[in-house]
Amino acid sequence: MNIDVDNTRGIVVKRFSSQKRARDAERSHLTPAKKRPSAVEGNCCANAEHSTVAQIRTEGNTVTEQCCSDNEDFFDGYDSIMGDSSFLAKLDDVELKAEHENVCFDPPAAKSVIKHSRDDDLTDSIFTEDFPDTSLRDLPSSQLAFHQDVANPKRQPGVGMENTSTPDMKHSKQPPVPALHHKKPASKARRSMTDQLKKAMLENAGTSSKVSKTAQQKEAVMSEEISVAMQAIESVSMEGDLGPFFGLPSKVKDLIMRLKGIQDLYDWQKACLDLDSVKQRKNLIYSLPTSGGKTLVAEILIFKELLCRKKDALLILPYVALVQEKVRGLASFGIELDFMVEEYAGSKGKFPPVKRRTKKSLYITTIEKGHSLVNSLIETNRLDSIGLVVVDELHMLGDGSRGAILEMTLAKLLYINKNTQIIGMSATLGNIRDLQRFLKAENYTNDFRPVELKEYVKLRDSIYEVDPKEEQCFKFSRLLGFKYSSGMQKMDPDHIIALVTEVIPKQSCLIFCATKKNCENVANMICKYLEKNFLMHKQKEKATLLAELKNSGNGSLCPVLQKTVPYGLAYHHSGLTSDERKLVEEAYSSGVLCLLACTSTLAAGINLPARRVILRSPYVGADFLKRSQYKQMVGRAGRAGIDSVGESILILQEKDKEMVKNLVSAPMEKCYSNLLHDGSKGLLSLILSLIGLNITRTVEQVTDFMSGTLLSVQETQACQQKSLKELTVDSIEILKQKGLIEALSTVNDEPSLQVTRLGKATYKGSVDLSYCDILYRDLSKGLEGLLLNSFLHLVYLVTPYDMVSQSKPDWMLYFTQFTKLSTAEQKMATTIGVPESFVARKAAGQSVRKCMDALVVNRLYLALVLYSLLRETSLWSVSDRFQLTRGFVQMLLSSASAFCSCVLHFTEELEEFWAYKALLTELTRRLTYCVQAELIPLMEVAGVMEFRAKQLYNAGYKTLAHLANADPNVLVKKVENLFKRQASQIVASAKMLLQEKAEALQEEVDDLLMLPVDLPSM
């Protein structure tokens, strides 16, 4: 490109050479300025009408060049305007037309079209409205730039000066001009645009270039090399290190130290994080004993995904309590490191999740909610936003229907998004290679434990150490030295008191019992024989705990806990309310309680380690212990950083000796696919969702998908009567018979499969296939006479079908509650199939000739329990009235809220059920919290139960904003029995939730204001 300067008039004309260069090549911020398009050019490019126009600047007689030029002729290789007579003729016609019509402009209009130069007796003008010729689109960029500058002469000072080939006489610094220009003429003559264009181009053609072609080529090569280097740098920055802590900033290490109290990582953790498979983002399964520190490795990998790769992450946990605990624990990291932590458990979670433009999200979910989340992301084509999926307790693939759901989730991830990394944490398994083949993963195994574990068994009054190398498996260790009276021996034949008093009250102890009732009995029995000095240990703290337990029950207190807590003992099982369990766990963790008698569920849930773990018997209920259960329980022995050794003692009877030998020496159990569990429900649900989500459309595609499942890996063991392909074809036929899918037109001579409306509602609502048709029937019948002046009818419709078998009605109680219903409510009960006469006859013990549907009758009974709970919000009074345990009533409530959410999604897909949407939305909210309305905003915070919400509300923290802006130090002083760590977690969780709500609203605003990409244009 040549640059010509007319020093007498200050005109700068730019021209391009004929060299065939790509003028639309990509440019980065490292591209030299001379190669970079200007702001004006950005607009030109957007309209695809102009090529790049390089920038030049004039100052005095000096021209600072920012573009390359060559010596080639201006007209070579281009169609010259000088030779385009039709174009010049059109310009002349426009000029003549203006003269003949005597067009006059009012001052404001004239300013927007014509620019009068004070220093020049000639003016330039063009009437664009009279010259709509589209041939301008084909002009070279230098001519287009000229045309644009003449057509738009009015510019702000200093804007666009360097981008035009027509000078702005008003703002350019001019060289001295002849006196002729200072004369004020009587009138101004218009210079023809054709003449001006010809003159400028002729001057331009006659000017020699100042930059050689060789120099231009060198700079072009340099620019290209810099651009490639920049792309490489950007690529590294996207996936590379941000700091010295395994690629993370040092701030992450500091936060782990401050929030978790972890000074340094174990050697195995460092080795695992440095694995090539981790660095190369391959799928990985790592197995270690319980309490080995598996979770921290997963959290570091999650941080790396969120911060370094800028991708969302999904963490799948087995239980709601674990989800809530993890949300609380990681909220502080989210606040400090600027990412979102979102809870998906029970009825919580938005499908699909909010699409965030700036922050990345960590979704913490239960197995069921994780599957629904993945389905929603597939449906909205957003699954690629998930960069990492971490599964805790991966061995739960072998756990019945929940294992089937987990397998579905992982199989979809593997099939659709090959770039998503999957990390599985698992107990040691006997067939880990099957899981490796399924996940296409590598395996890391280590037997590390932070505290040495010594396993013992007790037979009669002797303690034996477990040693599988011994012929008998047991090696004598010692005799118990505790002296028993005859009465005491009868009460405690298993010497539990002797075993626990060796460690409590200064150290902690867990006793795993076979049943819930046995937990309470053991705690009660131990208290009777403990010395009185146990009452003095942390007496004040235990009194505070009792007061809080009483407040959580609205004045009611469990008589067993009232007796055991003063001694530092308590029981822990599902019969306690969530508030009670939370208080007991916190008291045990802080040392207020020194012993818990608990069921096996504690071992699989919250991490509560102990100095000594005692297994009351080798049974869980009536079933003999599995090795995985045994290992999980004894794994709780030994507190890292406190104990040097942990002990487990299994109490056994002579009759169980051989079975226990096999238990402690047997290899670990194997994990098998559960897609065929319970009549192949998992397989049917998987195929339905595959077709519904358009992942597969034909039988062949479904079969191809199934080859990537764990069931396919284990086909020889699991599919003994029929092949997997035959089972798949059979399942498709069953779904057709149920009216959930249908075959349409052929695709390559094969019928295309499609879900029906009912099928879509079923998989979108995550409704069990066994109940989808019953649910549809109940909802349809409900519309015929829906009772709206009471919640009873709606509550009945969302009472979980699978809870019905877990409770049998007390007919006298049933009749008593039935008679308290209003006339409209009793009429509704009759309509669904439970008349008062039937309940009255059952309560009187009389026979009933007419056969009634037991599912409907029992479901209405549970609906009455939920209805009473909604009206009174007191678990204690409702559980007493219906003679049910507090834990069962709460489990019923949480199950109903989750099922209500499923029914809501089910009805959203069926137009005939439009009326249910608003009703079920409100009912879901009420069932989720079941408290006074003013406490709901506080209970939305992860881990804040009803009792804690009441404490916070009474202390003046009445809204989410209050809690999010609270000072943890003030909170500890205002709220009784609240520790600093707990206060900090509550505040962090509240901040995260408030931020999440605010950003969701902002995203909604941005979406509303965003310019539609498909907006029609001229």
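In this text the structure is predicted, and so the values were computed from the model without any measurement. (Residues numbered from 1 in each chain as written. Predicted model: local features only at pLDDT ≥ 70, side-chain atom pairs only at ≥ 80, totals over all residues. Heavy atoms only, no water.)

Chemist: What's the story with the overall build of the chain in this structure? I'm lost.
Modeler: Within the chain one finds 43 helices and 25 strands. A buried classification covers 51% of the 1018 residues belonging to the chain. Partitioning the contacts of the chain with sequence separation of at least 6, the portion at a separation of at least 24 is 71%. Of the roughly 48,300 Å² of accessible surface on the chain, a fraction of 52% belongs to carbon and sulfur atoms. (Helix = DSSP H or I, 4+ residues; strand = E, 2+ residues; numbered from the N terminus. Buried < 20%, exposed > 50% of the residue type's maximum accessible area, 1.4 Å probe, protein only. Contact = heavy atoms within 4.5 Å. Areas by Shrake-Rupley, 256 points an atom, 1.4 Å probe, with all protein chains shown as cover.)

Chemist: Which parts of the structure should I look at to understand the nonpolar core?
Modeler: Note that soluble globular proteins tend to have their nonpolar side chains buried in a common cluster. The biggest cluster of nonpolar side chains holds 124 residues, and the ones touching the most others in it are Tyr-286, Ile-511 and Ile-526. Considering each element in turn, this core owes the most residues, nine residues, to helix H10 (residues 294–307). Other than its neighbours up to four places away in sequence, Ile-511 contacts Ile-496, Val-500, Val-522, Ile-526, Leu-595, Leu-596, Ala-597, Cys-598, Ile-614 and Arg-616. Counting 122 residues, the second-largest nonpolar core is a separate cluster that includes Leu-397, Leu-410, Leu-740 and Ile-774. (Core = buried A, V, L, I, M, F, W, Y, C linked by side-chain atoms within 4.5 Å.)

Chemist: Explain unusual backbone geometry here, please?
Modeler: It is generally the case that most residues other than glycine have a negative phi and that most peptide bonds are trans. Looking along the chain, the bond that leaves Phe-351 and enters Pro-352 is cis, with omega of -10 degrees. Along the polypeptide, Pro-352 turns up in the loop between strand E9 (340–344) and strand E10 (361–365). Cis geometry marks the peptide bond from Ile-504 to Pro-505, where omega comes out at 10 degrees. With respect to the secondary-structure elements, Pro-505 resides in the loop between helix H16 (496–501) and strand E17 (509–512). The backbone of Glu-393 sits at a positive phi, close to 55 degrees, despite the residue not being glycine. By the element assignment, Glu-393 lies in the loop between strand E11 (386–391) and helix H13 (400–416).

Chemist: Help me understand the environment of Gly-782 in this model?
Modeler: Position of Gly-782 among the secondary structure elements: in helix H30 (residues 772–784). A relative accessible area of 2% places Gly-782 in the buried class. It is 9.3 Å that separates the C-alpha atoms of Gly-782 and Met-828, two residues lying 46 residues apart in sequence. The contact partners of Gly-782, leaving out residues within four places of it in the chain, are His-793 and Tyr-916.

Chemist: I tried to follow the sheet that holds E9 on my own but got confused; where do I start?
Modeler: Strands in a sheet are paired, the pairing made by backbone hydrogen bonds, and the direction either parallel or antiparallel. The strand order E9-E10-E8-E11-E12-E7-E13 describes an open sheet built from seven strands, whose pairing is parallel. Strands with a single pairing partner mark the edges of an open sheet, and in this sheet they are E9 and strand E13 (441–445). Strand-to-strand, the axes of this sheet are offset by a mean angle of 15 degrees, without reference to chain direction. Across the sheet, helix H14 (residues 432–439) lies against strand E7 (283–287), strand E12 (421–426) and E13, angled at about 160 degrees from E7, the strand it touches most. (Pairing = 2+ DSSP bridges. Axes fitted to C-alpha atoms, helices over the stretch in contact; angles between N-to-C directions.)

Chemist: So what exactly am I meant to see when it comes to the packing of helix H37 (residues 886–908) against helix H38 (residues 916–929) here?
Modeler: The geometry of a pair of packed helices is captured by two quantities: the angle between their axes and the separation between those axes. In the contact formed by H37 and H38, the axes pass within 9 Å of each other and the chain directions differ by 160 degrees. When the axes of H37 and H38 are compared, the pair comes out roughly antiparallel. Handedness of the H37/H38 crossing: left-handed. Only Tyr-916, Lys-917, Leu-920, Thr-921, Leu-923, Thr-924, Leu-927 and Thr-928 of H38 make contact with H37, whose side of the interface consists of Leu-893, Ala-896, Ser-897, Cys-900, Ser-901, Val-903, Leu-904, Thr-907 and Glu-908. Here the contact of H37 with H38 is composed, by residue class, of nine nonpolar, six polar and two charged. (Parallel < 35°, antiparallel > 145°, perpendicular 65-115°, else oblique. Left-handed = near helix turned anticlockwise from the far one by under 90°. Nonpolar A, V, L, I, M, F, W, Y, C, P; charged D, E, K, R; others polar.)

Chemist: Any chance you could explain the sheet that holds strand E16 (residues 474–479) here in plain terms?
Modeler: Strand order across the open sheet formed by eight strands is E16-E15-E14-E23-E20-E17-E19-E18, with mixed pairing between neighbours. One side of each edge strand has no neighbouring strand; the edge strands of this open sheet are E16 and strand E18 (569–572). Averaged over all adjacent pairs, the angle separating strand axes in this sheet is 25 degrees, with direction ignored. Pairing of E17 with strand E20 (residues 612–615) involves four bridges; the strand directions are parallel.

Chemist: Whenever I open this one, the side chain of Thr-728 confuses me. Can you help?
Modeler: Tracing the backbone through its elements, the reader meets Thr-728 in helix H28 (residues 724–737). Judged by relative accessible area, Thr-728 falls into the buried class, the value being 0%. When neighbours within four sequence positions are excluded, Thr-728 is seen to be in contact with Ile-687, Val-702, Thr-703 and Met-706.

Chemist: I would appreciate a short explanation of helix H29 (residues 757–764) in the present structure.
Modeler: Every buried residue of H29 is listed here: Leu-758, Gly-759, Ala-761, Thr-762 and Tyr-763. For H29, the secondary structure elements touched by its buried residues are helix H12 (367–379), helix H24 (677–692), strand E25 (750–755), H30 and H37. Just downstream of H29, Ser-766 is the residue with a positive phi angle, here 50 degrees.

Chemist: In this structure, what is going on with the pattern of salt bridges? I would like to understand it.
Modeler: Should their charged atoms come close, side chains of opposite charge can pair. As enumerated under the stated definition, the model contains 43 salt bridges in all. Of the charged contacts in the structure, one is a salt bridge between Lys-348 and Glu-343, with a shortest N-O distance of 3.7 Å. With a relative accessible area of 12%, Glu-343 lands in the buried category. As a salt-bridge pair, Glu-1003 and Arg-357 come within 2.8 Å of each other at their nearest N and O atoms. Within this pair, whereas Glu-1003 is found in helix H43 (residues 980–1009), its partner Arg-357 is found in the loop between E9 and E10, the two being separated by 646 residues in sequence. Exposure remark for Glu-1003: the relative accessible area of 8% places this residue in the buried category. (Salt bridge = Lys/Arg side-chain N within 4 Å of Asp/Glu carboxyl O.)

Chemist: Just checking my understanding: could you explain the environment of Ile-416 for this structure?
Modeler: The topology assignment puts Ile-416 in helix H13. Separated by 279 residues in sequence, Ile-416 and Ile-695 place their C-alpha atoms 8.1 Å apart. Excluding residues that lie within four positions of it along the chain, Ile-416 makes contacts with Ile-378, Leu-383 and Ile-695.

Chemist: Help me understand the environment of Ile-285, please; the structure alone is not making it clear to me.
Modeler: One can find Ile-285 in strand E7. Contact partners of Ile-285, with chain neighbours within four places excluded, come to Leu-394, Gly-424, Ser-426, Ile-432, Leu-435, Gln-436, Leu-439, Ala-441, Glu-442, Asn-443 and Tyr-444.

Chemist: Explanation requested: the pairing of E7 in the structure shown.
Modeler: The buried count for E7 comes to five of five residues, which makes it a mostly enclosed element. Burial along E7 is two-sided: Asn-283, Ile-285 and Ser-287 facing one way and Leu-284 and Tyr-286 facing the other are all buried. Direction of pairing for E7 relative to E12: parallel, over a ladder of four bridges. Directly across from Tyr-286, in E12, lies its bridge partner Met-425.

Chemist: Is there a simple way to explain the packing of helix H18 (residues 539–552) against helix H40 (residues 946–954) in this structure?
Modeler: One can describe the packing of H18 onto H40 by two numbers: an axis separation of 9 Å at closest approach and a directional angle of 100 degrees. Considering their axes alone, H18 and H40 lie roughly perpendicular with respect to each other. In contact with Glu-548, Asn-551 and Ser-552 of H18, H40 contributes Phe-947, Arg-948 and Gln-951. Considered class by class, the residues forming the contact of H18 with H40 number one nonpolar, three polar and two charged.

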